[in-house]
Amino acid sequence: MTDEHAAVQRPASSEPMVPVNRYASLASWRDVDDYFADALVDEDAALAAARDSGAETTMPNAEVAPNQGAFLALIARIAGARRVLEFGTLAGYSTIWFARAVGSEGRVVTLELDEVNAAVARRNFENAGIADRVDLLLGPAADSARRLIDEGAEPFDVVFIDADKPSNPAYLAAALALTRPGAVIVIDNVVRDGSVVRTDTDDARVQGVQRVVADIAVHPELEATALQTVGVKGWDGFIIARRM
Ligand SMILES: C[S@@+](CC[C@H](N)C(=O)[O-])C[C@H]1O[C@@H](n2cnc3c(N)ncnc32)[C@H](O)[C@@H]1O
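Keep in mind that this is a model prediction, so the values were computed, not measured.

Some details on helix α7 (residues 168-177)
Each full turn of the α-helix corresponds to 3.6 residues, which orients residues three or four apart in the same direction.
Piece 1. Taking burial as the measure, the 10 residues of α7 include 7 buried ones, the bulk of the element.
Piece 2. Among the residues of α7, Asn 168, Pro 169, Tyr 171, Leu 172, Ala 174, Ala 175 and Leu 176 are the ones counted as buried.

Written as structure tokens, this is what we have:
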């Protein structure tokens, strides 16, 4: 293969490819995830049930991992967030982390296209005891976000973009219309097994990431970075941006 990126391929094993280093033989990414989750992450029975219920949705195993849910909740707490907007609910796993982070006076608005997923999520919100602080808006997220903008919704402190990836640029634009300086915007699945660096891709999801990266890069009010992750879904990552 002449293209250096074309050499980026999964090994035959089901484990995701990770950079080889001198510690590689000591443990797997799963051991490390479990180590930190056991030591640091407080995933209670309601969260575990929500994660398990992903199997009943249209996208099993697509929720964030426990340590990532805790990471999102920490971002919300560090930002002092009272209002969180989420694109992509699924079974409501990340929503519950956010709902706990904003506290009983806070609000999470989560946008979901699929009725089946919404029903699973609503059940999980009840089970987690946070249903009263979550608004699930059913329908295309672009339409729901447009309605929030038109209605003059109170600004959000944190926005989590985790729905259909081709729409990332549109969701960023909506997030900017619904936030003010100091807000934090997090975008999931921005590495996609390394595909994000491919210039020859015709994958609309990868293009959606590349376009949103380009939009953030030139936006005068955004400072941002990206962090890579490994997990059961492979090699991926988050963008974390702050509105200045
Ligand atoms: C990766 S999952 C979300 C996972 C969730 N944030 C979590 O970590 O627990 C993506 C979700 O976006 C939803 N979705 C896809 N396209 C959408 C659209 N156009 N509008 C709203 N939701 C959409 C899918 O139905 C799915 O539930």
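Having put the structure on the table, let's press on.
Notes on the environment of Ala 153
Piece 1. Relative to the helices and strands, Ala 153 resides in the loop between α6 (141-150) and β4 (156-161).
Piece 2. Residue Ala 153 is classed as partly exposed on the basis of its relative accessible area of 22%.

Topic: the sheet that holds strand β6 (residues 222-231)
Piece 1. Judged by pairing direction, the sheet is mixed, and its 7 strands sit side by side in the order β3-β2-β1-β4-β5-β7-β6 without closing on themselves. The open sheet is flanked by β3 (134-138) and β6, the only strands paired with a single partner. Neighbour to neighbour, the strand axes of the sheet diverge by 15° on average, direction disregarded.
Piece 2. Note: strand β1 (residues 83-87) against β4, 4 bridges, orientation parallel. Bridging across to β4, Val 84 finds its partner in Val 158.
Piece 3. Seen against the sheet, helix α4 (residues 93-102) touches β1, β2 (107-112), β3 and β4 and runs at an angle of roughly 165° to β2.
Piece 4. Across the sheet, helix α5 (residues 115-128) lies against β2 and β3, angled at about 170° from β3, the strand it touches most.

Calculation notes
- Residues numbered from 1 in each chain as written.
- Predicted model: local features only at pLDDT ≥ 70, side-chain atom pairs only at ≥ 80, totals over all residues.
- Heavy atoms only, no water.
- Buried < 20%, exposed > 50% of the residue type's maximum accessible area, 1.4 Å probe, protein only.
- Helix = DSSP H or I, 4+ residues; strand = E, 2+ residues; numbered from the N terminus.
- Pairing = 2+ DSSP bridges.
- Axes fitted to C-alpha atoms, helices over the stretch in contact; angles between N-to-C directions.
- Contact = heavy atoms within 4.5 Å.

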